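What follows is each chain in one-letter form.
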Amino acid sequence: MTDTGILEAWIDGAYRPATTDCFETLNPATGEILAQVRIAGGAEVEAAVAAARRGFAVWSAMTGAERGRILTRAAQLLRARNDELARLETLDTGKPIQETEAIDIHSGADCLEYFGGLAASLTGEHIDLGSAFAYTRREPLGICAGIGAWNYPMQIACWKAAPALACGNAMIFKPAELTPLTAVKLAEVFAEAGMPPGVFNVVQGFAETGQLLTRHPGIAKVSLTGEVGTGIKVMTDAAASLKHVTLELGGKSPLIVFDDAEVDRAISGAMLGNFYSAGEVCSNGTRVFVQRKLLDSFLERLVERTRRMVIGDPLDPATQVGALIGEEHLQKVLGYIERGKAEGADAVIGGKRVTEGALGQGAFVEPTVFANCRDDMSVVREEIFGPVMSVLAFDEEEEVIERANATPYGLAAGVFTRDLARAHRTVAHLQAGTCWINNYNITPIEMPFGGVKLSGIGRENGKAAIEHYSQLKSVYVELGEVECPY
Ligand code: NAD
């Protein structure tokens, strides 16, 4: 923020005032304006690329250990600012403060620590060739663009920045236009931790600003978190200069409950995998398949537990369900709820906007469970990105695997059963990048995360992310005599 009160881009280690138009970011729980944010245009993106080029020269020349120390320091600084940043994230996203305080900022810090720790040990290999040998050098790609979705603003920024920076790249990050407030705070933290100017830059704006990045010939890689349609556009634009891409996209994931499952544990998984963050989580298990024998007791207990959920002011520590990201998205979610009812699904709980009291000013919708769903219903096929769970009955293991896979998406899947052989057999057949057994939506930083099919390309987190932010150079070294036929 500068003294004009406008949130400017962060370029070359400082806020950079510009004269382009601004947009407003709103608090989705109240509709109030939180800040005016500058839209980065061509000049700002060019300045960010130039700064990143200079930053890259300095950063990539440092040792992995030096880079790792700075990332680790940044993690500590991020944790020290947890209260302030969690509050900002809650204001900008509408997520309950109990979530942002416990998870959102800390998981970003976990990621900085994890990749900070790995930075010193990124190596190539030695290849013995008899009278010669070869080795590979693991080198950074150059300037990477990170483009974020609005549901986990700080976490997404860290999930992209940490592996990119650990490998020696520079980054230009564009947060989603609906949640632009915290990415620049990460830039402030990096600067305080001793990161050279230009290594991490932030530009704000809409799709057009994102396109300036994905089409820029000076940028080597784009990592997007967003919708499938956006992923296709980004990959198409990136193809013109053969950029590397990582795409973390949408999903309609299956959560399978066999009749020998621990019922309350499975219900916890289904509730976490549908109602956490008001259902605005890409990997949510929104198609809950329950084996027929268990169906009635599962639904009865699920409804009872869902009824107890506390919907409220996101800043109230007791609140479990906050606001959706905004009015437009709320209308989309309500539209799906109406279509579900029209298609014959039974809303056994929820199904309405919250209109009482102060919450009526914001984008609040009740956690909703649809029973009696069929696979062809729009609520079962399409990503809703709200607190809407569809429950489907099934009979056989083979049948449920086939139905679970009958989707163009492949982000995640869950299996609840006490039979471990069945659990492992089932996940082996599920078309999903991440599977959970007897739990749901747990994403430790050590575990690769990403999708198959239309849910994406590449992996974030874990050592696998290193592959996506570095490239190998092979070096052949002759030790013997060289015979030349000419
Ligand atoms: P979105 O696709 O509308 O926008 C994502 C980002 O892309 C924004 O910053 C936006 O400005 C930018 N953008 C849009 N069009 C662009 C273009 N043509 N070129 C470059 N950039 C462009 O997504 P959203 O509504 O912000 O987020 C919700 C979606 O994100 C859901 O589909 C959700 O499943 C997905 N998501 C996926 C993951 C994952 O890890 N797989 C995580 C979170 C969210």
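So, how was this worked out
- Residues numbered from 1 in each chain as written.
- Predicted model: local features only at pLDDT ≥ 70, side-chain atom pairs only at ≥ 80, totals over all residues.
- Heavy atoms only, no water.
- Near = heavy atom within 4 Å.
- Polar contact = N/O pair within 3.5 Å; in protein donor to acceptor, adjacent residues only side chain to side chain.
- Areas by Shrake-Rupley, 256 points an atom, 1.4 Å probe, with all protein chains shown as cover.
- Nonpolar A, V, L, I, M, F, W, Y, C, P; charged D, E, K, R; others polar.
- 1 Å grid on protein atoms, 1.4 Å probe; cavity = no way out; pocket = protein on both sides within 12 Å on 5 of 7 lines; lining within 4 Å.
- Points joined across faces, edges and corners; volume = space filled by probe spheres on them.
- Helix = DSSP H or I, 4+ residues; strand = E, 2+ residues; numbered from the N terminus.
- UniProt positions renumbered as here; feature names shortened; annotations may be inferred.
- Axes fitted to C-alpha atoms, helices over the stretch in contact; angles between N-to-C directions.
- Parallel < 35°, antiparallel > 145°, perpendicular 65-115°, else oblique.
- Left-handed = near helix turned anticlockwise from the far one by under 90°.
- Contact = heavy atoms within 4.5 Å.
- Buried < 20%, exposed > 50% of the residue type's maximum accessible area, 1.4 Å probe, protein only.
- Pairing = 2+ DSSP bridges.
- Right-handed = clockwise from strand over helix to strand, strands pointing away.
- Expected span 1.5 Å × (residues − 1).
- Bend = angle between axes of the 7 residues up to and from the residue.
- Phe/Tyr/Trp six-rings, centres within 6.5 Å; stacked < 30°, edge-to-face > 60°.
- Lys NZ or Arg CZ within 6 Å of the ring centre and 35° of its normal.

Gly148, Glu177, Thr230, Leu249 and Glu383 are the nearest of the 28 residues found near the ligand. Between the ligand and Glu177 there is a distance of 2.6 Å, counted from an oxygen atom to a side-chain nitrogen or oxygen. Contact distances for the ligand include 3.3 Å between an oxygen atom and a backbone N or O atom of Gly226. For the ligand, whose accessible area on its own is 850 Å², the fraction buried by protein is 92%. Along the lines of polarity and charge, the residues of the shell around the ligand split into 14 nonpolar, eight polar and six charged.

Bringing the layout of surface pockets into the picture now. As a volume, the second largest pocket reaches approximately 280 Å³. Together, 17 residues line the second largest pocket, and Arg67, Leu122, Arg138, Glu139 and Pro140 are the ones closest to its centre. Of all the secondary-structure elements, those providing two or more residues to the lining of the second largest pocket are helix H2 (64–80) and strand S7 (132–140). At four residues, S7 tops the list of elements feeding residues into the lining of the second largest pocket. Of the residues that constitute the lining of the second largest pocket, the class distribution is seven nonpolar, six polar and four charged.

Turning our attention to the UniProt feature "domain: Aldehyde dehydrogenase" (unreviewed entry) in the chain. Taking the UniProt record as the reference, the feature "domain: Aldehyde dehydrogenase" (unreviewed entry) is found at residues 18–475. The straight-line gap between the two end C-alpha atoms of residues 18–475 is 45 Å; of that span, 40% is helix and 19% is strand.

Another aspect to go through is the packing of helix H5 (residues 153–166) against helix H6 (residues 183–192). In contact at an axis separation of 10 Å, H5 and H6 are set at 40° when each is read in the N-to-C sense. Taken together, H5 and H6 sit at an angle that is classed as oblique. In the packing of H5 onto H6, the handedness of the crossing is right-handed. Across the interface between the two elements, Met154, Ala157, Cys158, Ala161 and Leu165 of H5 pack against Lys185, Leu186 and Phe190 of H6. Per-class residue counts for the contact of H5 with H6 are seven nonpolar, no polar and one charged.

Time to look at the pairing of strand S9 (residues 170–174). Burial within S9 is extensive, with five of its five residues counted as buried. By the alternation rule, side chains of S9 split into Ala170, Ile172 and Lys174 and Met171 and Phe173, which are all buried. By the bridge criterion, five bridges tie strand S8 (residues 143–147) to S9 in an arrangement that is parallel. Residue pairing across strands places Gly146 opposite Phe173, the latter belonging to S9. For the crossover from S8 across H5 to S9, the handedness is right-handed. Pairing of S9 with strand S10 (residues 200–202) involves three bridges; the strand directions are parallel. Across the sheet, Phe173 pairs through a bridge with Val202, a residue of S10. Viewed along the sheet, the connection from S9 through H6 into S10 turns out right-handed.

When the UniProt feature table is mapped onto this chain, "active site" (unreviewed entry) is found at Glu248. On the accessibility criterion, Glu248 (4% relative accessible area) is buried. Sequence-distant contacts of Glu248, that is, excluding residues within four places in its chain, are made with Lys160, Leu224, Thr225, Gly226, Phe449, Gly450, Gly451, Ser455, Gly458, Arg459 and Glu460.

Compared with an ideal rise of 1.5 Å per residue, which puts 22 residues at 32 Å, helix H4 (residues 97–118) spans 31 Å between its outermost C-alpha atoms and is within 8% of the ideal. The sharpest bend along H4 measures roughly 30° and falls at His106.

Let's shift gears to the sheet that holds strand S1 (residues 6–7). Strand order in this open sheet of three strands is S1-S5-S4, and the pairing throughout is mixed. In this open sheet, the two strands that pair with only one neighbour each are S1 and strand S4 (22–26). Where S1 meets strand S5 (residues 33–38), two bridges bridge the pair, whose relative direction is parallel. Counterpart to Ile6 in the pairing with S5 is Gln36.

With that settled, consider the packing of aromatic side chains. One pass over the full model with this rule turns up nine aromatic pairs. With 4.9 Å between their ring centres and 90° between their planes, Tyr114 and Phe115 make a pair best called edge-to-face. Pair check on accessibility: Tyr114 and Phe115 agree, each one buried. Relative to Phe385, the ring of Trp150 has its centre 5.3 Å away and its plane inclined at 75°; by these criteria the two rings are edge-to-face. Here Trp150 is found in the loop between S8 and H5, whereas its partner Phe385 is found in the loop between helix H12 (378–381) and strand S17 (388–394), with 235 residues between them in sequence. Since its relative accessible area comes to 17%, Trp150 is described here as buried. For Phe385, a relative accessible area of 15% corresponds to the buried category. Positioned above the aromatic ring of Tyr152 is the side chain of Lys95, whose terminal nitrogen or guanidinium carbon lies 3.2 Å from the ring centre. Taking the ring centre of Phe258 as reference, the NZ or CZ of Arg422 above it sits at 4.1 Å.

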